[in-house]
Amino acid sequence: MPGSRRFLGKPSKQPAVVAVSVLLLALAAVAAADEDPNQPNGKQPIAEQVMAELRTAGAARVQLLKEKQQWAIDREKLELLKSTVLGEAKRHRSVAAKARQTEAELRERLEQHKAGQQRLKSVEGVVDALCERLEKALAGLANRSLPGLVPPDRAARITEPGRRLAVGVDRLHAVRRQTKRAAVEVVSGSVEGRTLAVKLLRVGGVAAWWLSLDGKQAGTAAVRDGQVLLSAAAEPRDVQAILKAFAIAEGRGTPDWALLPVKPEAAKD
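What counts as what
Residues numbered from 1 in each chain as written. Predicted model: local features only at pLDDT ≥ 70, side-chain atom pairs only at ≥ 80, totals over all residues. Heavy atoms only, no water. Helix = DSSP H or I, 4+ residues; strand = E, 2+ residues; numbered from the N terminus. Buried < 20%, exposed > 50% of the residue type's maximum accessible area, 1.4 Å probe, protein only. Contact = heavy atoms within 4.5 Å. Areas by Shrake-Rupley, 256 points an atom, 1.4 Å probe, with all protein chains shown as cover. Expected span 1.5 Å × (residues − 1). Arc of directions from axis to C-beta. Pairing = 2+ DSSP bridges. Salt bridge = Lys/Arg side-chain N within 4 Å of Asp/Glu carboxyl O. Polar contact = N/O pair within 3.5 Å; in protein donor to acceptor, adjacent residues only side chain to side chain. Core = buried A, V, L, I, M, F, W, Y, C linked by side-chain atoms within 4.5 Å.

Undergrad: Honestly, the overall build of the protein chain in this entry has me stumped. Any pointers?
TA: On a plain count of helices and strands, the protein chain comes out with 4 helices and 5 strands. Looking at the 269 residues of the protein chain, the share that counts as buried comes to 20%. Long-range contacts, defined as pairs at least 24 residues apart, comprise 45% of the intrachain contacts of the protein chain with a sequence gap of at least 6. Accessible surface computed for the protein chain: about 20,600 Å², of which carbon and sulfur atoms make up 58%.

Undergrad: Just to check I follow, could you spell out helix α3 (residues 161–178) for this structure?
TA: Each α-helix turn comprises 3.6 residues. Residues three or four places apart therefore point the same way. In a regular helix each residue adds 1.5 Å, so 18 residues correspond to 26 Å; α3 covers 26 Å between its end C-alpha atoms and thus fits that length. Regarding α3, the residues found buried are Pro161, Arg164, Val167, Gly168, Arg171, Ala174, Val175 and Gln178. Down the axis, α3 shows its buried residues gathered within 150 degrees of arc, on one side only. For α3, the exposed residues lying more than 90 degrees away from the buried face are Arg176 and Arg177. Of the surrounding secondary structure, the elements contacted by the buried residues of α3 are α2 (46–144) and β2 (194–203).

Undergrad: So what exactly am I meant to see when it comes to the pairing of strand β5 (residues 227–232) here?
TA: Residues in a regular strand point their side chains to alternate faces of the sheet. As paired strands, strand β4 (residues 218–224) and β5 are joined by 6 bridges and run antiparallel to one another. Bridging from a neighbouring strand, Arg224 pairs with Gln227 of β5. Between the antiparallel neighbours β4 and β5 lie 2 residues, among them Asp225 with a positive phi of about 55 degrees.

Undergrad: Is there a simple way to explain the pattern of salt bridges in this structure?
TA: Opposite charge on two side chains permits pairing when their charged atoms draw close. Across all of its chains, the model carries 10 salt bridges by this definition. Put simply, Glu135 and Arg164 hold a salt bridge, and the shortest N to O gap is 2.9 Å. Of this pair, Glu135 sits in helix α2 while Arg164 sits in helix α3, and the two are 29 residues apart along the sequence. The burial state of Glu135 is the same as that of Arg164; both residues are buried. What emerges from the salt-bridge pattern is a single network uniting Asp128, Glu132, Glu135 and Arg164.

Undergrad: Hey, could you run me through the side chain of Ser145 in this one?
TA: Tracing the backbone shows Ser145 in the loop between α2 and α3. Here the side chain of Ser145 touches Leu141 through a polar contact of 2.5 Å, landing on its backbone oxygen. Once you skip the residues sitting within four places of it in the chain, Ser145 turns out to touch Val150 and Val223.

Undergrad: Sorry if this is basic, but what is going on with the pairing of strand β3 (residues 207–212) here?
TA: The buried fraction of β3 is high, at 6 of 6 residues. Residues Ala207, Trp209 and Leu211 point to one face of β3 and Ala208, Trp210 and Ser212 to the other, with burial holding for every one of them. Across 6 bridges, β2 lies against β3 in antiparallel orientation. Among the inter-strand pairings, Lys199 is bridged to a residue of β3, identified as Leu211. Hairpin connection of β2 to β3: 3 residues between the antiparallel strands, including Gly204 at a positive phi of 60 degrees. The pairing of β3 with β4 spans 4 bridges and is antiparallel. In the sheet register, Trp209 faces β4, and the bridge partner there is Thr220. Once β3 ends, the chain turns through 5 residues before running back antiparallel as β4, passing Gly215 with a positive phi of about 75 degrees.

Undergrad: How should the nonpolar core be read in this particular structure?
TA: Among soluble globular proteins, nonpolar side chains are generally buried collectively. Of all hydrophobic cores here, the largest spans 12 residues; its members are Leu146, Val187, Val191, Leu196, Val198, Leu200, Ala208, Trp210, Ala221, Val223, Val228 and Leu230. Residue assignment for this core shows that the elements contributing at least two residues are β1 (182–191), β2, β3, β4 and β5. No other element matches the 3 residues that β2 contributes to this core. Ignoring anything within four residues of it in the chain, the contact list for Leu230 reads Gly189, Ser190, Val191, Leu196, Val198, Trp210, Thr220 and Ala221. Among the nonpolar cores identified, the runner-up in size contains 9 residues, and Leu201, Ala218, Val239 and Phe246 belong to it.

Laid out in structure tokens, this is it:
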């Protein structure tokens, strides 16, 4: 029907135009209200209030953004610090474990050292006892032997067991060497109740003969209770034989046989 025909096509823009017009009228009304001369003095216009609130909101958003950025930076720092602290803690735990292991090893070594010290003290006690016996034996031998056979004791002031034993052993070796050779020494002896300085020819530790320093007297020698006992030769030929033996021993004569007198009873204790 012609009266009820509707047009089908593009929608009409009239409603949108009407909405824009209404918005403009509203803004105009707001502006007119702001310019109302009847508005009380000192009251901020609504537009300015809106702008102030917008500025405040914008500043708050900027501040919030800054705080978020700062928090992100601080968080990164905290994460780095946490990682560093955890790494240092791990390193210190490793160092502490190594230190505990080293301490255990040192304690074990200390216990071994203490045990070794204890064994050393025991050995030193045994060595001291041996040194004491050796020194007493050598002192007794020196008291019974001819002068020069047993060297003097040089271990009187030595307290270290090892050195003391070494000196005693050297002294014992010296006695052994002296028993295998002849020697001439100047000693003091007793002859017929008087003390006389004489030269003594000792053959090992077996026998000895003496000769006065002026070469006029000679005889055999023996030791009793640590004293040198001199016995004069009974025959002139014995004196000559002793003189010959001294000359050979001192290098003043050529090697030769000499029949020397012997008095075994003089060497008895």
